[in-house]
Amino acid sequence: LADRIGRFIEKNFKDEPVKVNLTGYAYVTAVVIDLAVKGMLSSILFSILVIYIMTAIMFRSFIGGLYNIIPISMATLLNFGLMGTLGITIGFANSAAFAIAMGIGVDYAIHLIFKFQQEAARNTDLAEASAQTFMTSGKAILYNAVVVTAGFTVLVASDFTGHRIMGELLSFSMVTSFLGSLTLLPAVLTLFKPAFAFRKPPT
């Protein structure tokens, strides 16, 4: 509607000595929603880029950075799917939830890859290296995910809608980041066998 009115104004008032501006609650709301959507998408892409650069430097590998963003990218896509399924609209609380979730979720991937490097460096049997990784760092990641998810789940009981939505998205993000780190990430590491994963981990 705003676009149609804008075209009407441009067509009928362009030669007039007046300036016409749209206003009103509906228009302001539309502008705020548009800014929220653009802001969320740009912040997500920027966060993933920063995480990629930092983990690539940490593991001294451009490919290593790509592997580290797999779980959080999966969690982000699943979160958007959840929002669409439940009819959750994009807002500022959601934007904050995505940023927090990526910052916490990437830790799981870093811990798992670091431990996998250690085990793969001293164990030629890839299945055994993966098993040892699950039995050590895998357990730590599980405990951490349970505690953090439980902490964010408390927000679901809030009477404030923003807090409740943030609690739902953060809890779901922690679960999906955890599952991605312990399922998808080890699978692609053992399937594609990237060279960085078999180097001695950085100290």
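The paragraphs below set out a description of the structure included in this document. Quick caveat, the model's predicted, so the values are computed rather than measured. (Residues numbered from 1 in each chain as written. Predicted model: local features only at pLDDT ≥ 70, side-chain atom pairs only at ≥ 80, totals over all residues. Heavy atoms only, no water.)

**Side note on the overall build of the protein**
Okay, step 1: Each helix and strand counted, the protein has seven helices and zero strands in total.
Okay, step 2: Ordering the α and β elements of the protein from the N terminus gives α-α-α-α-α-α-α.
Okay, step 3: Taken over C-alpha atoms, the radius of gyration comes to 22 Å for the protein, far larger than the 17 Å a tight globule of 203 residues would show.
Okay, step 4: With the C-alpha coordinates aligned to their principal axes, the bounding extent of the protein is approximately 80 × 40 × 25 Å.
Okay, step 5: Every one of the 203 residues in the protein was classed for burial, and the buried ones make up 39%.
Okay, step 6: Restricting to contacts in the protein with at least 6 residues of sequence separation, those with at least 24 account for 72%.
Okay, step 7: Carbon together with sulfur atoms contributes 69% to the accessible area of the protein, which is approximately 11800 Å² in total. (Helix = DSSP H or I, 4+ residues; strand = E, 2+ residues; numbered from the N terminus. Rg over C-alpha atoms; globule rule 2.2 N^0.38 Å. Buried < 20%, exposed > 50% of the residue type's maximum accessible area, 1.4 Å probe, protein only. Contact = heavy atoms within 4.5 Å. Areas by Shrake-Rupley, 256 points an atom, 1.4 Å probe, with all protein chains shown as cover.)

**Here we look at the nonpolar core**
Okay, step 1: If you look at the biggest cluster of nonpolar residues, it comprises 40 residues, and the most contacted ones within it are Tyr-67, Ile-72, Ile-113, Leu-185, Leu-189 and Phe-196.
Okay, step 2: Of all elements in the fold, only α2 (25–58), α4 (70–86), α5 (92–122), α6 (126–153) and α7 (161–192) reach the threshold of two or more residues within this core.
Okay, step 3: In terms of residue count, α5 provides more of this core than any other element does, twelve residues in total.
Okay, step 4: Not counting the four nearest positions on each side in its chain, Leu-185 is found in contact with Tyr-67, Pro-71, Ala-109, Leu-112, Ile-113 and Gly-180. (Core = buried A, V, L, I, M, F, W, Y, C linked by side-chain atoms within 4.5 Å.)

**So, the packing of α2 against α4**
Okay, step 1: Interaxial distance between α2 and α4 falls to 11 Å at its minimum, and their mutual angle equals 165 degrees. Viewed along their axes, α2 and α4 adopt a mutual orientation that is roughly antiparallel. For the pair α2 and α4, the crossing hand works out as right-handed. On α4, the residues touching Met-40, Leu-41, Ile-44, Ile-48 and Ile-51 of α2 are Ile-72, Ser-73, Thr-76 and Phe-80. (Axes fitted to C-alpha atoms, helices over the stretch in contact; angles between N-to-C directions. Parallel < 35°, antiparallel > 145°, perpendicular 65-115°, else oblique. Left-handed = near helix turned anticlockwise from the far one by under 90°.)

Interpretation note: all reported values are geometric properties and have no functional meaning in isolation.
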